[in-house]
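Per-entry structural report
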Amino acid sequence: MRNLPLAKDEKNRLVDAAQQVRERSYSPYSGFKVGAAVLTDNDQIFTGTNIENASYGLTVCAERNAIFSAVGAGHKKFKALALITQKIPGVKFGSPCGACLQVMSEFMSLKTPIYIAVLEQKKRTIYTKTLGDLLPFTFTKFTEK
Ligand code: THU
């Protein structure tokens, strides 16, 4: 599958889905809501939000929840991923965390577009990166000889 940037409408639809699910974020400890959405190779959208826990380390990020939900429904090929957060002061956009990038690399080529949307008051800015921009080196599967 070739990974091309999405058409504007398709990109906005994916970011809209991420923005919608972000409202369901369970983040009472950080107060930081994240929404994510993946587009499968057959154009279905699966979403996920961050879900925190009183035992902080058990928190699962929005991106992994979106990917796992799609994989659990039988999808393993993706055209793109979008995530959305509030503006982090002093930072242009919030990159997905390293753990989520590694999980993305299991199912997505390094050319896959990652749309990072930032909400600031009523303004939404979308930055486009590829998985390879964010994680140039990945740990890959190996088989013992
Ligand atoms: N978080 C995500 O959902 N995605 C990321 O890529 C980074 C962080 C969540 C985890 C936690 O609930 C909150 O953001 C603050 O770290």
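For the structure itself, consult the block above.
Description of the structure in this document.

Analysis parameters
Residues numbered from 1 in each chain as written. Predicted model: local features only at pLDDT ≥ 70, side-chain atom pairs only at ≥ 80, totals over all residues. Heavy atoms only, no water. Helix = DSSP H or I, 4+ residues; strand = E, 2+ residues; numbered from the N terminus. Expected span 1.5 Å × (residues − 1). Buried < 20%, exposed > 50% of the residue type's maximum accessible area, 1.4 Å probe, protein only. Arc of directions from axis to C-beta. Lys, Arg positive; Asp, Glu negative; His and termini not counted. Salt bridge = Lys/Arg side-chain N within 4 Å of Asp/Glu carboxyl O. Contact = heavy atoms within 4.5 Å. Near = heavy atom within 4 Å. Polar contact = N/O pair within 3.5 Å; in protein donor to acceptor, adjacent residues only side chain to side chain. Areas by Shrake-Rupley, 256 points an atom, 1.4 Å probe, with all protein chains shown as cover. Nonpolar A, V, L, I, M, F, W, Y, C, P; charged D, E, K, R; others polar. Core = buried A, V, L, I, M, F, W, Y, C linked by side-chain atoms within 4.5 Å.

**What about helix α1 (residues 8-22)?**
If you check α1, its first and last C-alpha atoms are 21 Å apart, about what 15 residues at 1.5 Å a residue would give, namely 21 Å. The complete set of buried residues in α1 reads Lys-11, Leu-14, Val-15, Ala-17, Ala-18, Val-21 and Arg-22. Take α1 and look down its axis: the buried residues cluster within an arc of 150 degrees, on one side only. Seen from the open side of α1, the exposed residues pointing more than 90 degrees away from its buried face are Lys-8, Asp-9 and Gln-20.

**Describing the side chain of Lys-11**
Inspection of the secondary structure puts Lys-11 in helix α1. Here Lys-11 occupies a buried position and makes no salt bridge, while the nearest side chain of opposite charge, Asp-9, is found at 9.4 Å. Contacts of Lys-11, omitting those with residues within four sequence positions, involve Leu-6, Tyr-115 and Ile-126.

**Description of the site of the ligand**
Around the ligand, a shell composed of Ser-30, Phe-32, Val-34, Asn-50, Glu-52, Thr-59, Cys-61, Ala-62, Glu-63, Pro-96 and Cys-97 is seen. Between Glu-52 and the ligand, the recorded distance is 2.4 Å, taken from a side-chain N or O atom to an oxygen atom. In the model, an oxygen atom of the ligand is placed 3.0 Å from a nitrogen or oxygen of the Ala-62 main chain. In the complex, the protein chains occlude 76% of the 370 Å² of accessible area that the ligand would expose alone. Within the shell around the ligand, the residues separate by chemical class into six nonpolar, three polar and two charged.

**Describing the nonpolar core**
Nonpolar side chains in soluble globular proteins tend to be buried together. Membership of the largest hydrophobic core comes to 23 residues, with the highest contact counts inside it found for Val-38, Leu-81, Met-104, Met-108 and Ile-114. Beyond its immediate chain neighbours, meaning those up to four positions away, Met-108 contacts Val-38, Ile-67, Phe-78, Leu-81 and Leu-131. Ala-37, Ala-80, Ala-82 and Leu-119 belong to the second largest nonpolar core, which has 13 residues in total.

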